[in-house]
Amino acid sequence: MLAVPRSHGLRTARQWLSMTAAWFPGDAPAIRFGATVGKRNARRAVDRNLVKRVLREAARRAAPTLEAACAQRGLRLDISFRLKVSRDRATEGPRASLAAWRRALREEADALLDRLGRHLAPPGA
């Protein structure tokens, strides 16, 4: 996925998450989502699973929009998310609450997927 030309890919990042997307011409439009959450950034398995669950839910919400854009252009789409920084290192002072972290992750995932949807939308749409 990383070897695609710039015209067929999008890399973007926010405070917590980075997203890499690549699209290819294909017969049937298809979307694949992936998530990488390393132990360095989320020590507990509970936290790693939480991040993946939040990302899956954001992907489920954005899938119809992305599928429509891919169908119009005849593309297959691969999307990969990565947790960039741990909850401990990103916050100043006391550790952020789990609920606040979950909301921040969801907002960032939604924003990144919305940006991808706008990028894939046909001109003038």
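In what follows, the structure referred to is the one given above.
Residues numbered from 1 in each chain as written. Predicted model: local features only at pLDDT ≥ 70, side-chain atom pairs only at ≥ 80, totals over all residues. Heavy atoms only, no water.

Brief notes about the pattern of salt bridges
The criterion, for reference: One speaks of a salt bridge when a side-chain nitrogen belonging to Lys or Arg is within 4 Å of a carboxyl oxygen belonging to Asp or Glu. Helix and strand assignments follow DSSP, with helices taken as H or I runs no shorter than four residues and strands as E runs no shorter than two, numbered in order from the N terminus. Only protein chains enter the accessibility calculation, which uses a 1.4 Å probe. A residue is then buried if its area is under 20% of the maximum for its type, exposed if over 50%, and partly exposed in between.
Across all of its chains, the model carries 6 salt bridges by this definition. In this structure, arginine 61 and aspartate 110 form a salt bridge, with 3.5 Å as the shortest nitrogen-oxygen distance. Of this pair, arginine 61 sits in helix 1 (residues 45-73) while aspartate 110 sits in helix 3 (residues 98-120); the two residues are 49 residues apart in sequence, bridging distant segments of the chain. In this structure, the salt-bridge partner of arginine 106 is aspartate 110, at a minimum N-O distance of 3.2 Å. With arginine 106 and aspartate 110 both in helix 3 and 4 residues apart, this pair spans about one turn of that helix. Residue classification places arginine 106 among the partly exposed residues on the basis of a relative accessible area of 23%. Since its relative accessible area comes to 17%, aspartate 110 is described here as buried.

What to know about the sheet that holds strand 2 (residues 17-25)
Let me state the cut-off plainly: Strands were regarded as paired on the criterion that DSSP finds at least two bridges between them. In this analysis an axis means a line fitted to C-alpha atoms, helices contributing only their contacting stretch, and an angle means the value between N-to-C directions, from 0 to 180 degrees. Should any heavy atoms of two residues lie within 4.5 Å, those residues are considered in contact.
Overall, mixed pairing links the 4 strands, which are arranged 1-2-4-3 in an open sheet. Unpaired on one side and paired on the other, strand 1 (9-13) and strand 3 (30-36) mark the two borders of the sheet. Sheet twist, expressed as the mean angle between neighbouring strand axes with direction ignored, is 10°. Pairing of strand 2 with strand 4 (residues 75-83) involves 9 bridges; the strand directions are antiparallel. The partner of threonine 20 across the bridge, within strand 4, is serine 80. Along the sheet face, helix 1 touches strand 2, strand 3 and strand 4 and points at about 155° away from the line of strand 3.

Some thoughts on the environment of alanine 62
By the secondary structure assignment, alanine 62 is in helix 1. Relative accessible area serves as the criterion here: at 5%, alanine 62 is assigned to the buried category. C-alpha of alanine 62 to C-alpha of glycine 117: the two residues are 55 residues apart in sequence and 8.2 Å apart in space.

Overview of helix 3
Under the convention used in this document: Helix span, expected: 1.5 Å multiplied by one less than the number of residues in the helix.
For helix 3, with 23 residues, the first-to-last C-alpha span of 33 Å sits near the 33 Å given by 1.5 Å per residue. What helix 3 keeps buried is the set Trp101, Leu105, Glu108, Ala109, Asp110, Leu112, Leu113, Leu116, Gly117 and Leu120.

Some points on helix 1
Rule in force here: What the bend at a residue measures is the angle between two axes, fitted to the seven residues ending there and to the seven starting there.
Taking 1.5 Å of rise per residue, 29 residues should cover 42 Å, and helix 1 covers 39 Å from first to last C-alpha, within 8% of that figure. Considering bend angle alone, the principal kink of helix 1 is centred on alanine 63 and spans about 45°; proline proline 64 follows within four residues of it. The first or second residue beyond helix 1 is glycine 74, which carries a positive phi of 65°.

Keep in mind these numbers describe shape, not what the thing actually does.
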